[in-house]
Amino acid sequence: MTDRSVVVMGLPGSGKTTFLAALWHLVTEGELDSKLTYVTLKTNNVAHLNKIAEVWRLARKPERTSVAGDRVVSMILKADGGTPQTITFPDVAGEAFLQMWEERECDDVVATWLKGPSVLFFIHADTVDSPHWVIDETLRSERLGLERGTDEVVQWSPRLAPTQVQVTDLLQSMQADPLDVGPRRLAIVLSAWDKVAPEGMSPEDYLRVKLPLLHQFLKHGFKPQWEVRVYGVSAQGGDYDEEKKEHAEAMALREVKLPSKRIRVAYAGADESHDLTEPLQWLLM
């Protein structure tokens, strides 16, 4: 048996906890075939995993992971005919990565987790904050008949930076001391893929069109020893209930006979599947 640590990264609200909840349901319920199958859990996180999986099945919004409540989930999975592998997922709050971008600081414990050989980086595809060009804003104001003030001063802060700038900076930090550990595999997960799939693009093309700076960095600025794949993943399957208000999509999700079929995984050149273990299996090859 081998031990592998999968570094799970992503800004707040990028879909990390939803992915883990859906993965736990998929590998323990055995409703559908998957490239990796469940053997056992090494860490005593059964109650936590069962709780987030139940919330996922009910199509409710999960509780946000707090910085103080970070958990390490370690489970043993194996491929058909392969050797069981211990896979460790540090369930780190997105605020920890926001801190790395905004304050240029990283907690010592988080830094240790970030030195694993495989990286699973989440980007919420439906909430990408794109750059705003002055000329576009001016034209939009003119069409709406609005006057734009020229003397308004907006105090800049790192949090105002576009999504692709923040993500690119975080990945750059993974290739610099003290986080650089040499060659790794990186799986970019575009979560909420069901919301953007109707645009008809592959995950790779979506990254190229919507996050061009990040796409160019991965193609030409990354160290060549790193291998990269881009996946489109809908671990949720649709919109969840809002507080005190049921959503039509959430009601439909609860009617799905096999909840695992709510999962969608897209990768260029492969048929869309319900198998959340696909990016993990590639990371561990």
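Below is a short write-up of the structure. (Residues numbered from 1 in each chain as written. Predicted model: local features only at pLDDT ≥ 70, side-chain atom pairs only at ≥ 80, totals over all residues. Heavy atoms only, no water.)

Description of helix α9 (residues 212-221)
Part 1: Of the residues making up α9, those classed as buried are Leu214, His215, Phe217 and Leu218. Projected down its long axis, α9 shows its buried positions confined to an angular sector of 160°, all on one face. The outward face of α9, more than 90 degrees from its buried face, is lined by the exposed residues Gln216, Lys219 and His220.
Part 2: Of the surrounding elements, those touching the buried residues of α9 are β5 (118-124), α6 (163-173), β6 (185-191), α8 (203-210) and β7 (227-234). (Buried < 20%, exposed > 50% of the residue type's maximum accessible area, 1.4 Å probe, protein only. Helix = DSSP H or I, 4+ residues; strand = E, 2+ residues; numbered from the N terminus. Arc of directions from axis to C-beta. Contact = heavy atoms within 4.5 Å.)

Comments concerning the environment of threonine 40
Part 1: For threonine 40, the location among the structural elements is in strand β2 (residues 36-41).
Part 2: On the accessibility criterion, threonine 40 (34% relative accessible area) is partly exposed.
Part 3: Residues threonine 40 and isoleucine 76, spaced 36 residues apart in sequence, show a C-alpha to C-alpha distance of 5.3 Å.
Part 4: Threonine 40 has contacts with Met75 and Ile76, leaving out every residue within four places of it along the chain.

Some remarks on the packing of aromatic side chains
Part 1: Inspection of the entire model under this criterion finds six aromatic pairs.
Part 2: Taking 5.2 Å as the distance between ring centres and 70° as the angle between the ring planes, the aromatic pair formed by phenylalanine 19 and phenylalanine 122 counts as edge-to-face. With phenylalanine 19 in helix α1 (residues 16-29) and phenylalanine 122 in strand β5, this residue pair connects regions lying 103 residues apart in the sequence.
Part 3: In this structure an aromatic cluster arises from ring pairing among Phe217, Phe222 and Trp226.
Part 4: Across from the ring centre of tryptophan 56, 4.2 Å away, lies the NZ or CZ of arginine 262, which sits over that ring. (Phe/Tyr/Trp six-rings, centres within 6.5 Å; stacked < 30°, edge-to-face > 60°. Lys NZ or Arg CZ within 6 Å of the ring centre and 35° of its normal.)

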